[in-house]
Amino acid sequence: MKKYDFIVIAAALAVAGIMCLFLYGFNNNSGAYVKIEVDGKAVETLPLDRDTERVITTDYGSNTLVISGGEAYVSEADCPDKICVHHSKIHRSGESIICLPHKTVVTVVGADDGIDAQAG
(Lines give C-alpha, C1' and ligand atoms only; values in the text may rest on other atoms or scores of the structure.)
Protein backbone atom coordinates (compact mmCIF):
# COMPACT_ATOMS: atom_id res chain seq x y z
CA MET A 1 0.00 0.00 0.00
CA LYS A 2 1.16 3.45 -0.79
CA LYS A 3 1.05 6.57 1.32
CA TYR A 4 -1.97 7.83 -0.64
CA ASP A 5 -3.94 4.66 0.22
CA PHE A 6 -3.40 5.22 3.94
CA ILE A 7 -4.56 8.83 3.64
CA VAL A 8 -7.77 7.77 1.86
CA ILE A 9 -8.48 5.07 4.44
CA ALA A 10 -7.84 7.47 7.33
CA ALA A 11 -10.13 10.08 5.79
CA ALA A 12 -12.90 7.52 5.27
CA LEU A 13 -12.61 6.35 8.89
CA ALA A 14 -12.68 9.94 10.13
CA VAL A 15 -15.85 10.69 8.14
CA ALA A 16 -17.49 7.48 9.43
CA GLY A 17 -16.54 8.38 13.00
CA ILE A 18 -17.97 11.88 12.69
CA MET A 19 -21.21 10.48 11.26
CA CYS A 20 -21.53 8.02 14.15
CA LEU A 21 -20.90 10.81 16.62
CA PHE A 22 -23.71 12.90 15.14
CA LEU A 23 -26.12 9.98 14.84
CA TYR A 24 -25.59 8.49 18.28
CA GLY A 25 -23.77 11.06 20.37
CA PHE A 26 -25.97 14.06 19.75
CA ASN A 27 -29.34 12.32 19.43
CA ASN A 28 -30.56 12.71 23.00
CA ASN A 29 -34.19 12.91 21.92
CA SER A 30 -35.91 10.21 23.87
CA GLY A 31 -38.98 9.11 22.03
CA ALA A 32 -42.49 9.16 23.42
CA TYR A 33 -44.10 6.37 21.42
CA VAL A 34 -43.36 3.16 19.58
CA LYS A 35 -45.02 2.85 16.18
CA ILE A 36 -45.62 -0.70 14.92
CA GLU A 37 -45.91 -1.27 11.17
CA VAL A 38 -46.60 -4.53 9.38
CA ASP A 39 -46.09 -4.79 5.65
CA GLY A 40 -45.80 -0.99 5.43
CA LYS A 41 -49.07 -0.24 7.24
CA ALA A 42 -49.31 1.29 10.72
CA VAL A 43 -50.88 -1.22 13.09
CA GLU A 44 -50.51 0.28 16.55
CA THR A 45 -48.82 3.06 18.50
CA LEU A 46 -47.83 2.46 22.11
CA PRO A 47 -46.45 4.91 24.71
CA LEU A 48 -42.91 4.27 25.90
CA ASP A 49 -43.75 5.41 29.42
CA ARG A 50 -46.19 2.53 30.04
CA ASP A 51 -44.77 -0.97 30.55
CA THR A 52 -46.55 -3.41 28.28
CA GLU A 53 -46.13 -6.54 26.20
CA ARG A 54 -47.68 -7.11 22.75
CA VAL A 55 -47.65 -10.12 20.49
CA ILE A 56 -47.52 -8.87 16.91
CA THR A 57 -49.06 -11.58 14.74
CA THR A 58 -48.77 -11.34 10.97
CA ASP A 59 -49.38 -13.66 8.05
CA TYR A 60 -45.64 -14.37 8.17
CA GLY A 61 -45.20 -15.15 11.90
CA SER A 62 -45.21 -13.46 15.29
CA ASN A 63 -42.98 -11.23 17.41
CA THR A 64 -43.33 -10.34 21.08
CA LEU A 65 -42.65 -6.64 21.72
CA VAL A 66 -41.87 -5.59 25.29
CA ILE A 67 -41.87 -2.01 26.56
CA SER A 68 -40.22 -1.67 29.94
CA GLY A 69 -38.47 1.20 31.68
CA GLY A 70 -38.94 3.53 28.71
CA GLU A 71 -37.25 1.13 26.28
CA ALA A 72 -38.65 -1.28 23.69
CA TYR A 73 -37.28 -4.61 22.54
CA VAL A 74 -38.37 -7.84 20.88
CA SER A 75 -38.19 -10.66 23.42
CA GLU A 76 -39.38 -13.52 21.19
CA ALA A 77 -39.88 -14.23 17.49
CA ASP A 78 -40.56 -17.34 15.47
CA CYS A 79 -38.45 -16.22 12.50
CA PRO A 80 -35.42 -18.36 11.63
CA ASP A 81 -32.63 -15.80 12.17
CA LYS A 82 -33.98 -13.92 15.25
CA ILE A 83 -31.99 -10.78 14.40
CA CYS A 84 -34.82 -8.70 15.87
CA VAL A 85 -34.51 -10.56 19.20
CA HIS A 86 -30.77 -9.89 19.36
CA HIS A 87 -31.19 -6.18 18.54
CA SER A 88 -30.44 -3.78 21.39
CA LYS A 89 -33.24 -1.98 23.22
CA ILE A 90 -34.47 1.22 21.58
CA HIS A 91 -35.67 4.50 23.12
CA ARG A 92 -34.40 7.40 20.97
CA SER A 93 -36.47 8.99 18.23
CA GLY A 94 -35.68 7.38 14.91
CA GLU A 95 -34.37 4.07 16.25
CA SER A 96 -35.97 0.94 14.78
CA ILE A 97 -36.11 -2.80 15.16
CA ILE A 98 -36.89 -4.58 11.91
CA CYS A 99 -37.96 -8.18 11.35
CA LEU A 100 -37.67 -8.79 7.61
CA PRO A 101 -39.19 -12.30 7.59
CA HIS A 102 -42.34 -10.97 9.31
CA LYS A 103 -42.31 -7.61 7.48
CA THR A 104 -42.54 -5.88 10.86
CA VAL A 105 -40.96 -2.53 11.78
CA VAL A 106 -40.97 -1.06 15.29
CA THR A 107 -39.88 2.61 15.34
CA VAL A 108 -39.48 5.08 18.20
CA VAL A 109 -41.12 8.42 17.46
CA GLY A 110 -41.35 11.66 19.41
CA ALA A 111 -44.47 13.29 20.76
CA ASP A 112 -44.18 16.04 18.13
CA ASP A 113 -44.05 13.62 15.16
CA GLY A 114 -47.79 13.89 14.52
CA ILE A 115 -48.65 10.62 16.23
CA ASP A 116 -52.16 10.12 17.51
CA ALA A 117 -51.72 8.64 21.00
CA GLN A 118 -55.00 6.79 20.62
CA ALA A 119 -54.03 5.05 17.36
CA GLY A 120 -54.08 1.29 17.35
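Refer to the structure above for everything that follows.
Calculation rules
- Residues numbered from 1 in each chain as written.
- Predicted model: local features only at pLDDT ≥ 70, side-chain atom pairs only at ≥ 80, totals over all residues.
- Heavy atoms only, no water.
- Helix = DSSP H or I, 4+ residues; strand = E, 2+ residues; numbered from the N terminus.
- Buried < 20%, exposed > 50% of the residue type's maximum accessible area, 1.4 Å probe, protein only.
- 1 Å grid on protein atoms, 1.4 Å probe; cavity = no way out; pocket = protein on both sides within 12 Å on 5 of 7 lines; lining within 4 Å.
- Points joined across faces, edges and corners; volume = space filled by probe spheres on them.
- Nonpolar A, V, L, I, M, F, W, Y, C, P; charged D, E, K, R; others polar.
- Pairing = 2+ DSSP bridges.

Phi at Lys82 takes a positive value of approximately 55°, unusual for a residue other than glycine. If you check the backbone angles, Lys103 has positive phi at about 55° while not being a glycine. Note on placement: Lys103 falls in the loop between β6 (96-99) and β7 (104-109). On the basis of relative accessibility, which here comes to 39%, the residue Lys103 falls in the partly exposed class.

The next thing to look at is empty space enclosed by the protein. Tallying each qualifying case throughout the model produces one cavity of 30 Å³ or more. Roughly 40 Å³ of internal volume is contained in the largest cavity. In this structure, the largest cavity is lined by Ile56, Asn63, Val74, Cys84, Ile97, Ile98, Cys99, Thr104 and Val106. Elements with a minimum of two residues in the lining of the largest cavity: β6 and β7. Within the lining of the largest cavity, the residues separate by chemical class into seven nonpolar, two polar and no charged.

What follows covers the pairing of strand β4 (residues 61-68). Most of β4 is tucked away, with six of its eight residues classed as buried. Of the pairings in the sheet, the one linking strand β3 (residues 52-58) to β4 comprises seven bridges and is antiparallel in character. Its bridge partner lying in β4, Thr57 is registered against Ser62. In sequence, β3 turns back onto β4 through a hairpin of two residues. With six bridges connecting them, β4 and strand β5 (residues 71-77) associate as antiparallel partners. Bridging from a neighbouring strand, Asn63 pairs with Ala77 of β5.

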